[in-house]
Amino acid sequence: MDSLIKKLFEIATGKKAKIFWAVILTIIVLLLALYPYIDANFLVFSRINKRIDILERITQLNLDKIDANPALQEEYNSIIGEISAIQEKSVGTITTRQDTSNEKIIKFISGGSLFWLVSLIVLFSKNKKDNISALKKIFNNMMSAILCVVLGYFLALIGKNMPTIANVWINAFGFPCIQIAIIGLIVYGTSKNNKE
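Nothing here was measured: the structure is a model prediction, and the numbers come from that model.

Criteria and thresholds
- For every chain, the first residue of the written sequence is number 1, and numbering continues from 1 onward in sequence order.
- Side-chain atom pairs in this predicted model are given and counted only at pLDDT of 80 or more, local residue features only at pLDDT of at least 70, and totals for whole chains, interfaces and linings cover all residues.
- Hydrogens and water are ignored here; the side-chain numbers use all heavy atoms of the structure.
- Only DSSP runs of H or I covering at least 4 residues are called helices, and only runs of E covering at least 2 are called strands; the numbering of each starts at the N terminus.
- Burial here depends on accessible area, computed with a 1.4 Å probe over protein chains only, as a share of the maximum for the residue type. Under 20% is buried, over 50% is exposed, and the range in between is partly exposed.
- Two residues qualify as a contact provided that any one of their heavy atoms is within 4.5 Å of a heavy atom in the partner residue.
- Note on areas: Shrake-Rupley, 1.4 Å probe, and residue coverage restricted to the protein chains presented here.
- Every angle, taken between N-to-C directions, lies between 0 and 180 degrees, and every axis is a line fitted to C-alpha atoms, over only the stretch in contact when it is a helix.
- Should an angle lie under 35 degrees it is considered roughly parallel, over 145 roughly antiparallel, and from 65 to 115 roughly perpendicular; all remaining angles are considered oblique.
- Should the near helix be turned anticlockwise from the far one by less than a right angle, the crossing is termed left-handed; should it be turned clockwise, right-handed.
- Only Asp, Glu, Lys and Arg are considered charged in this grouping, and only Ala, Val, Leu, Ile, Met, Phe, Trp, Tyr, Cys and Pro are considered nonpolar; every other residue, Gly among them, is considered polar.
- Polar contacts, as counted here, are pairs of nitrogen or oxygen atoms within 3.5 Å of one another; within protein the pair requires one atom able to donate a hydrogen and one able to accept it, and residues that are adjacent in sequence qualify only if both atoms are side-chain atoms.
- Each residue after the first adds 1.5 Å to the expected span of a helix.
- Bend at a given residue is defined as the angle between two axes, one fitted to the seven residues that end at that position and one fitted to the seven that begin there.
- Paired rings are identified among Phe, Tyr and Trp, the last through its six-membered ring, by centres lying within 6.5 Å, and are further divided according to the angle between planes into stacked (under 30 degrees), edge-to-face (over 60) and tilted (the rest).

Outline the overall build of the protein chain, listing residues and values.
Of regular secondary structure, the protein chain possesses eight helices and zero strands. Counting from the amino terminus, helix and strand elements in the protein chain follow one another as α-α-α-α-α-α-α-α. The buried share of the protein chain, taken over its 196 residues, is 20%. Residue pairs in contact within the protein chain that sit at least 24 positions apart in sequence constitute 70% of those at least 6 positions apart. Accessible surface, the protein chain as shown: approximately 14,500 Å² in total, 68% of it carbon and sulfur.

Written out as structure tokens, the structure reads:
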């Protein structure tokens, strides 16, 4: 186990650290995007079973004995209060919250905005190669821009379907920042490896 941790630490801080962290960030984004589906199909049943177990245990308690003893009554009320608080704060109840149409639009736009911006930059960029025709330059720019628009669309769908845990603006600013970090780590890591 120690050797595995040591090896992971070496990878995370070594020459391929940028690619390692890009992969980790990508996995986190994918897990966040897939969490509502995992939760709806697998985790929800575990939560329901736990709640049934708690309900069975509570109903087996002798309420007459609890009511007769003020210390037991206070403890019983405290436990019931904690159970209610846990249910209100649980991640499952937060993720099942339905986003409003405005929140979905904000998440969609923020998810694809980075690559849509890149598509505009690519579309109007000048090709540095002088030996190709103007038509081929325009075609290259158009194809690159279309690729960025399509990639932006898929990222926008991922951003739209990501669960809103606390506030939609965390998604709106966080998802593009994660995209920038992943792209930066990949570009910086691969360019550094090419120089070596």
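There is more to say after this.
Describe the packing of helix α6 (residues 101-123) against helix α7 (residues 134-161), listing the residues and the values that go with them.
For the pair α6 and α7, the least separation of the axes is 7 Å and the interaxial angle reads 165°. When the axes of α6 and α7 are compared, the pair comes out roughly antiparallel. The element α6 and its partner α7 pack so that their crossing is right-handed. The residue makeup of the contact of α6 with α7, split by class, is 15 nonpolar, seven polar and three charged.

Could you give me a rundown of the side chain of Asn-141, with the residues and numbers involved?
Looking at the secondary structure, you find Asn-141 in helix α7. Not counting the four nearest positions on each side in its chain, Asn-141 is found in contact with Val-122, Leu-123 and Ser-125.

Residue-level account of the side chain of Ser-110, with values.
Relative to the helices and strands, Ser-110 resides in helix α6. A relative accessible area of 7% places Ser-110 in the buried class. Polar contacts involving the side chain of Ser-110 include one to the main-chain carbonyl oxygen of Lys-107, which spans 3.1 Å. Among all residues touching Ser-110, those that are not within four sequence positions of it are Asn-171, Ala-172, Pro-176 and Gln-179.

How would you explain α6 if you had to name every residue and give the values?
Look at α6: 31 Å from first C-alpha to last across 23 residues, which is about the 33 Å you get at 1.5 Å a residue. Along α6, the largest kink reaches about 50° and is centred on Ser-113.

Describe the packing of aromatic side chains, and please don't skip the residues or the numbers.
Scanning the entire structure with this criterion turns up four aromatic pairs. When the ring of Phe-108 is compared with that of Trp-116, the centres are 5.9 Å apart and the planes differ by 50°; the resulting orientation is tilted. The partly exposed category is assigned to Phe-108, whose relative accessible area is 23%. When the ring of Phe-108 is compared with that of Tyr-153, the centres are 6.0 Å apart and the planes differ by 75°; the resulting orientation is edge-to-face. Here Tyr-153 lies in helix α7 and Phe-108 lies in helix α6, a separation of 45 residues in the sequence. Taking relative accessible area as the criterion, Tyr-153 reaches 41% and is therefore assigned partly exposed.

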